[in-house]
Amino acid sequence: QVQLVESGGGLVQAGDSLRLSCVHSARTFNSTAMAWFRQAPGKERKFVAAISRRSDGLHYVESVKDRFTISRDNAKNTVYLQMNSLRPEDTAVYYCASRAPNLVPTARAPDYTSWGQGTQVTVSS
């Protein structure tokens, strides 16, 4: 069973940056598409960014393009989300998610079979 552990959240001011990390527990990581989702209080979980197994496919929700960057280090079994120019509306719990091996990344939460516990990101104005 895959385990995902996120870290890197915190309380920052608008305009600041944070980098989230997510460590994947299985040897299949380098065959696995990964994604970040976020959930604000009282709202549904929403897609943020996704990356293919070889980093040749990157996908972002429109609201974070040019501010957030998803990347991965297959040697470290880790996916990252670099978040720049943070805004109060980016405040949410951020979740890392993985698909089953050898599938392409998508923006649909039901396509992801393993989830981390989440890390809180709070952006003050």
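What comes next concerns the included structure. Since the model is a prediction, treat every value here as computed from it, not as a measurement.

**Structural notes on the state of the cysteines**
Link 1 in the chain: Applying the stated criterion across every chain, the model contains one disulfide.
Link 2 in the chain: Residue pairing for Cys 22: its cysteine sulfur links by disulfide to Cys 96, the two sulfurs lying 2.0 Å apart. One quick way to see it: the torsion about the S-S bond of Cys 22 and Cys 96 is about -75°, and its sign makes the bridge left-handed. Of this pair, Cys 22 sits in strand E3 (residues 18-24) while Cys 96 sits in strand E9 (residues 92-98), and the two are 74 residues apart along the sequence.

**Notes on the pairing of E3**
Link 1 in the chain: Most of E3 sits out of view: five of its seven residues are buried.
Link 2 in the chain: Here four bridges tie strand E1 (residues 4-7) to E3, and the two strands are oriented antiparallel to one another. Bridge pairing in E3 places Leu 4 opposite His 24.
Link 3 in the chain: Sheet topology note: the E3/strand E8 (residues 78-83) ladder contains six bridges and is antiparallel. Paired with Ser 21 across the strands is Tyr 80, a residue of E8.

What counts and how
- Residues numbered from 1 in each chain as written.
- Predicted model: local features only at pLDDT ≥ 70, side-chain atom pairs only at ≥ 80, totals over all residues.
- Heavy atoms only, no water.
- Disulfide = S-S within 2.5 Å.
- Helix = DSSP H or I, 4+ residues; strand = E, 2+ residues; numbered from the N terminus.
- Buried < 20%, exposed > 50% of the residue type's maximum accessible area, 1.4 Å probe, protein only.
- Pairing = 2+ DSSP bridges.

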